[in-house]
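Residue-level structural notes
Next come the chains, spelled out residue by residue.
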Amino acid sequence: MKRILVTGALGQIGSELVTRLRQLYGGEEVLATDIREEGGVHGRTGPYRKLDVSDGEAFLKLAKEHRADTIIHLAALLSATAEARPLFAWQLNMGGLVNALEVAREQACQFFTPSSIGAFGVGTPKTGTPQDTLQRPTTMYGVNKVSGELLCDYYFYKFGLDTRGLRFPGLISHLAPPGGGTTDYAVDMYVQAVRCGKYTSYIREGTFLDMMYMPDAIQAVIDLMEADASRLQHRNAFNVTAMSVDPERIAASIRRRMPHFELAYNVDPVRQSIADGWPDSIDASAAKQEWGFHPQYDLDRMTDDMLRHLSGKLHTGPKAAI
Ligand SMILES: NC(=O)c1ccc[n+]([C@@H]2O[C@H](COP(=O)([O-])OP(=O)(O)OC[C@H]3O[C@@H](n4cnc5c(N)ncnc54)[C@H](O)[C@@H]3O)[C@@H](O)[C@H]2O)c1
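Thresholds, definitions, all that
Residues numbered from 1 in each chain as written. Predicted model: local features only at pLDDT ≥ 70, side-chain atom pairs only at ≥ 80, totals over all residues. Heavy atoms only, no water. Helix = DSSP H or I, 4+ residues; strand = E, 2+ residues; numbered from the N terminus. Buried < 20%, exposed > 50% of the residue type's maximum accessible area, 1.4 Å probe, protein only. Contact = heavy atoms within 4.5 Å. Domains from an automatic or database assignment. Buried area = accessible area lost by both parts, 1.4 Å probe. Near = heavy atom within 4 Å. Polar contact = N/O pair within 3.5 Å; in protein donor to acceptor, adjacent residues only side chain to side chain. Areas by Shrake-Rupley, 256 points an atom, 1.4 Å probe, with all protein chains shown as cover. Nonpolar A, V, L, I, M, F, W, Y, C, P; charged D, E, K, R; others polar. Pairing = 2+ DSSP bridges.

Some points on the environment of Glu149
- Locating Glu149 in the fold gives a position in helix α6 (residues 140-159).
- Judged by its relative accessible area of 8%, Glu149 is buried.
- Distance from Glu149 to Arg235, taken between C-alpha atoms, is 9.7 Å for residues 86 residues apart in sequence.
- Discounting chain neighbours no more than four positions away, the residues touching Glu149 are Ser115, Ala119, Gln135, Arg167, Asn236 and Ala237.

Here is the structure:
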């Protein structure tokens, strides 16, 4: 990775990934793009351009101008939003991915895009979900993610494109708000704990899902992209996770610091049914063996860091990012 183009750079992942990439590879080397006009902090620390990933010509033009050797494709509609607008989700998630892969092929770029635990579904083993297993999701997001995993494999086998990817679990962060996923409740629980000391969860008690703290997710992207290609047997869609938690466990972790924190439930049937289709805990051993995946944050360490950052931010006035 030397000259990198990132799509969807203003989202939950891009907001932190671009900053880290610029620290490592240089501000001017990382072109941040998103559908939004203004690049916010990304516009002040390096180049930012508006890019709608549905526009393949504009995408290619920007990649050529930047002389990109790496495409990191993050622009997408997430699980809950995709379920509300399934046809649009197919068009954006698949159309955007095809455009991104074609730009990478034309420019001979290394390529990264995330998959998700949403790529699993009916018949997938719920615990210790293996790297290679049955994938029959029943959500549009899941269908998009399985198709995307296969398409990235295809571009590798057919065209020799250096495609790589991770199956992210729910990602927890404090910088940018999450973008409409099923695991957003976990982020919101921390925010509301700091704001008002209580939270009403739309996910039912006892619903276990994999999660990971954003610094580990960012490091995983960089480690996978820098990994020796000869060690990679899977390439796309490596299972990665740092913890398997339900709302109660997160609440208990928060109560170590805020003993009066209250958790209530008002289950949203749509997001609950998406969560019910996903694994409780996935097996990340392929990522560990093939490129040394090694997350640093367990639940309590993540909780401490989230509460520390959010307390500083939410108590400094109305301009808080979350
Ligand atoms: N955040 C998570 O917990 C998580 C978990 C698993 C997988 N993922 C995957 O990671 C990727 C990024 O996720 P995220 O959480 O940063 O998403 P997000 O919703 O926070 O950000 C997506 C970004 O894409 C932009 N965008 C939307 N339409 C666009 C278009 N047509 N052209 C260009 N940009 C457009 C949005 O403005 C937004 O900034 C997605 O593929 C998502 O499925 C995320």
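After presenting the structure, the write-up continues.
Section: the domain arrangement of the protein
- For the protein, the assigned domains are domain 1 (4-170 + 213-239) and domain 2 (172-210 + 242-316).
- Distance from the C-alpha centre of domain 1 to the C-alpha centre of domain 2: 23 Å.
- Each partner contributes residues to the interface: domain 1 has 40 residues there, and domain 2 has 40 residues.
- Carbon and sulfur atoms supply 59% of the area buried between domain 1 and domain 2, which totals about 3300 Å² over both sides.

Quick notes on the site of the ligand
- Taken together, the neighbourhood of the ligand is formed by 26 residues, with Gln12, Asp34, Asp52, Tyr141 and Lys145 sitting nearest.
- Gln12 is positioned with one of its backbone polar atoms (N or O) 2.8 Å from an oxygen atom of the ligand.
- In the environment of the ligand, a nitrogen atom lies 3.5 Å from a nitrogen or oxygen atom belonging to the backbone of Leu51.
- Starting from 830 Å² of accessible surface for the ligand in isolation, the protein chains cover 91%.
- Mapped by element, the contributors of at least two residues to the shell around the ligand are β6 (115-116), α6 and β10 (170-172).
- Among the residues forming the shell around the ligand, the class breakdown is 15 nonpolar, 7 polar and 4 charged.

A short note on unusual backbone geometry
- The backbone phi angle of Arg235 is positive, close to 65°, even though this residue is not glycine.
- Take Arg235: it is sitting in the loop between α8 (214-226) and β13 (238-239).
- Taking the relative accessible area as the measure of exposure, Arg235 reaches 7% and is therefore buried.
- The phi dihedral of Ala237 is positive, around 65°, even though this residue is not glycine.

Digging into the pairing of strand β11 (residues 198-201)
- By the alternation rule, side chains of β11 split into Tyr199 and Ser201, which are all buried, and Lys198 and Thr200, of which none is buried.
- Inspection of the sheet shows β11 paired to strand β15 (residues 262-265) by 4 bridges, in the parallel sense. Paired with Thr200 across the two strands is Ala264, which belongs to β15.

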